[in-house]
Amino acid sequence: MFAVSAEEAIDLAHAHGLDVVHHTGREDPHGRPGVTWTHLGFRRGPRTGPPSGPRSGLALP
């Protein structure tokens, strides 16, 4: 696992057309000090323009 802030994940999701539909956090269920969990849920928003990002332009078989 890599430490990634919720804000960083949300910003990246927004850049790829996703909206946040769920955002919660909790302490580690095993009681490990300094460990927390963030749960994020995303939903694709309506497209407002051409596709963008690393997958644009790829042809599917």
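Just above, that's the structure.
Worth saying up front: this structure is predicted, and the values here are computed from it rather than measured.

**Comments concerning the overall build of the protein**
Scanning the protein from N- to C-terminus turns up one helix and two strands. Written out in order from the N terminus, the α and β elements of the protein read α-β-β. Sorting the 61 residues of the protein into buried and exposed places 10% on the buried side. Within the protein, contacts between residues at least 6 apart in sequence are counted, and of these 37% link residues at least 24 apart. Put simply, the protein shows about 5,500 Å² of open surface, and 57% of that area lies on carbon and sulfur atoms.

**Considerations on the side chain of D28**
Turning to its location among the elements, D28 is positioned in the loop between strand 1 (18-27) and strand 2 (36-44). You can call D28 buried: its relative accessible area is 7%. Among the polar contacts made by the side chain of D28, one reaches the side chain of R32 at a distance of 2.7 Å. The residues touching D28, leaving out its near neighbours within four places in the chain, are V35, T36 and W37.

**Structural notes on helix 1 (residues 6-15)**
Of the positions making up helix 1, those classed as buried are A6, I10 and A13. All buried residues of helix 1 lie within an arc of 65 degrees about the axis, which places them on one face of the element. Opposite the buried face of helix 1, at more than 90 degrees from it, the exposed residues are E7, D11, L12 and A15. Positive backbone phi, approximately 80 degrees, marks G17, located one or two places after helix 1.

Rules used in this analysis
- Residues numbered from 1 in each chain as written.
- Predicted model: local features only at pLDDT ≥ 70, side-chain atom pairs only at ≥ 80, totals over all residues.
- Heavy atoms only, no water.
- Helix = DSSP H or I, 4+ residues; strand = E, 2+ residues; numbered from the N terminus.
- Buried < 20%, exposed > 50% of the residue type's maximum accessible area, 1.4 Å probe, protein only.
- Contact = heavy atoms within 4.5 Å.
- Areas by Shrake-Rupley, 256 points an atom, 1.4 Å probe, with all protein chains shown as cover.
- Polar contact = N/O pair within 3.5 Å; in protein donor to acceptor, adjacent residues only side chain to side chain.
- Arc of directions from axis to C-beta.

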